[in-house]
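A structural walkthrough
Here is what each chain is made of, one letter per residue.
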Amino acid sequence: MTEPVEGPWLDGDAGRLVRPYTVSDGRTKPSAHFDLLTLVMATGNRPHSYLGPDHTHVLGLCGGPLSVAEIAAHIRQPAVVTKVLLSDLVDCGAITARAPERAPLGQHATDRDLLEAVLDGLRKRL
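Residues numbered from 1 in each chain as written. Predicted model: local features only at pLDDT ≥ 70, side-chain atom pairs only at ≥ 80, totals over all residues. Heavy atoms only, no water.

**Structural notes on the overall build of the protein chain**
The line we're drawing: Helix and strand labels come from DSSP, where a helix needs a run of H or I of at least four residues and a strand needs a run of E of at least two; each type is numbered from the N terminus. Relative accessible area decides the class of each residue, using a 1.4 Å probe on protein chains only: under 20% of the type maximum gives buried, over 50% gives exposed, and in between gives partly exposed. Any pair of residues with heavy atoms lying within 4.5 Å of one another is described as a contacting pair. Accessibility throughout is a Shrake-Rupley quantity obtained with a 1.4 Å probe, and a residue counts as covered only by protein chains that appear here.
A count of helical and extended segments in the protein chain gives five helices and five strands. In the protein chain, the order of α-helices and β-strands from amino to carboxyl end is β-β-α-β-α-β-α-α-β-α. In the protein chain, buried positions account for 26% of the 126 residues. Nonlocal contacts in the protein chain, meaning residues at least 24 apart in sequence, comprise 66% of its contacts between residues at least 6 apart. Accessible area for the protein chain stands at about 9,100 Å²; split by element, carbon and sulfur atoms hold 57% of it.

**Some points on the nonpolar core**
The cut-off we apply is this: What we call a nonpolar core is a set of buried Ala, Val, Leu, Ile, Met, Phe, Trp, Tyr and Cys residues that are connected through their side-chain atoms within 4.5 Å.
Ranked by internal contacts, the top residues of the largest apolar core, which has 15 residues, are Val 40, Val 58, Cys 62, Ile 71, Leu 86, Leu 89 and Ile 95. Mapped onto this core, the elements with two or more residues apiece are α2 (53–61), α3 (68–75) and α4 (79–91). Setting aside its immediate chain neighbours within four residues, Leu 86 contacts Phe 34, Val 40, Val 58, Val 68, Ile 71 and Ile 95.

**Thoughts on α4**
Rule in force here: To estimate how far a helix should reach, multiply one less than its number of residues by 1.5 Å.
Its 13 residues place the ends of α4 18 Å apart at the C-alpha level, agreeing with the 18 Å of an ideal helix rising 1.5 Å per residue. Burial in α4 covers these residues: Val 81, Thr 82, Lys 83, Val 84, Leu 85, Leu 86, Ser 87, Asp 88 and Leu 89.

**Points about the environment of Asp 88**
The residue Asp 88 is located in helix α4 in this model. Between the C-alpha atoms of Asp 88 and Ser 31, which are 57 residues apart in sequence, the distance is 7.5 Å.

**Focus: the side chain of His 55**
Where we set the bar: Under the rule applied, a polar contact is a pair of N or O atoms within 3.5 Å (in protein, one hydrogen donor and one hydrogen acceptor; residues adjacent in sequence only if both atoms are side-chain atoms).
Within the secondary structure, His 55 sits in helix α2. Taking relative accessible area as the criterion, His 55 reaches 8% and is therefore assigned buried. Of the polar contacts made by the side chain of His 55, one reaches the side chain of Asp 88; its length is 2.8 Å. Excluding residues within four positions of it along the chain, His 55 makes contact with Leu 85, Asp 88 and Leu 89.

**Let's talk about the side chain of Ser 87**
Summarising the element assignment, Ser 87 is placed in helix α4. Look past the residues within four positions of Ser 87 in its chain and what remains in contact with it is Pro 30, Ser 31, Ala 32 and Phe 34.

**Concerning the pattern of salt bridges**
As a reminder, the rule being used: Salt bridges are defined by distance alone: a side-chain nitrogen of Lys or Arg within 4 Å of a carboxyl oxygen of Asp or Glu.
Scanning the entire structure with this criterion turns up one salt bridge. Put simply, Glu 116 and Arg 112 hold a salt bridge, and the shortest N to O gap is 3.0 Å. Here Glu 116 and its partner Arg 112 are both found in helix α5 (residues 112–125), four residues apart, which amounts to about one turn of the helix.

**Remarks on the sheet that holds strand β5 (residues 95–98)**
Within a sheet, neighbouring strands are paired by backbone hydrogen bonds and run either parallel or antiparallel to one another. Using the following cut-off: Whether two strands pair depends on DSSP finding at least two bridges between them.
Strand order in the open sheet made by the three strands is β4-β3-β5, with antiparallel pairing throughout. Edge strands, defined here as strands with exactly one partner in the open sheet, are β4 (66–67) and β5. With four bridges connecting them, strand β3 (residues 39–42) and β5 associate as antiparallel partners. Residue pairing across strands places Val 40 opposite Ala 97, the latter belonging to β5.

**Observations regarding the packing of α2 against α3**
Rules: Lines fitted to C-alpha atoms define the axes here, with helix axes fitted over just the stretch in contact, and angles between the N-to-C directions of these axes take values from 0 to 180 degrees. Working definition: roughly parallel below 35 degrees, roughly antiparallel above 145 degrees, roughly perpendicular at 65 to 115 degrees, and oblique for all remaining angles. Left-handed describes a crossing in which the near helix is turned anticlockwise from the far one by less than a right angle; the clockwise case is right-handed. In this classification, the charged set is Asp, Glu, Lys and Arg, the nonpolar set is Ala, Val, Leu, Ile, Met, Phe, Trp, Tyr, Cys and Pro, and all remaining amino acids, among them Gly, are polar.
Two elements in contact, α2 and α3, have axes separated by 11 Å at closest approach and are oriented at 125°. Taken together, the axis directions place α2 and α3 in an arrangement best described as oblique. At the point where α2 passes α3, the crossing takes the right-handed sense. Contacts between α2 and α3 involve His 57, Val 58 and Leu 61 from the first element and Ile 71, His 74 and Ile 75 from the second. For the contact of α2 with α3, a count of residues per class yields four nonpolar, two polar and no charged.

Okay, here's the thing in structure tokens:
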């Protein structure tokens, strides 16, 4: 038996009581482009109208730069639902979004020493 989860929107056995399509008002297409590595951060501007508890929760997480994937994990929603919520917050000016900085690929894009250290670490854990 699973442990009960606290809060009005969760049930220990059933999980989240509000289904994802309800959170996004049935929308599956965000109005702004996000990928899972897009970084979002609060601007300090509050929405002019109340958007809902999930929007408020997401906005509270955006004090520092977080990726879309991290936010989806925190709010326990699918990525597409998270993207819809984030696009609502971008549209009202409450958050900004930017692509992550990517290191330029040189001739030797992989660091052999780093890869070997990761492999050694994985072998020790398994």
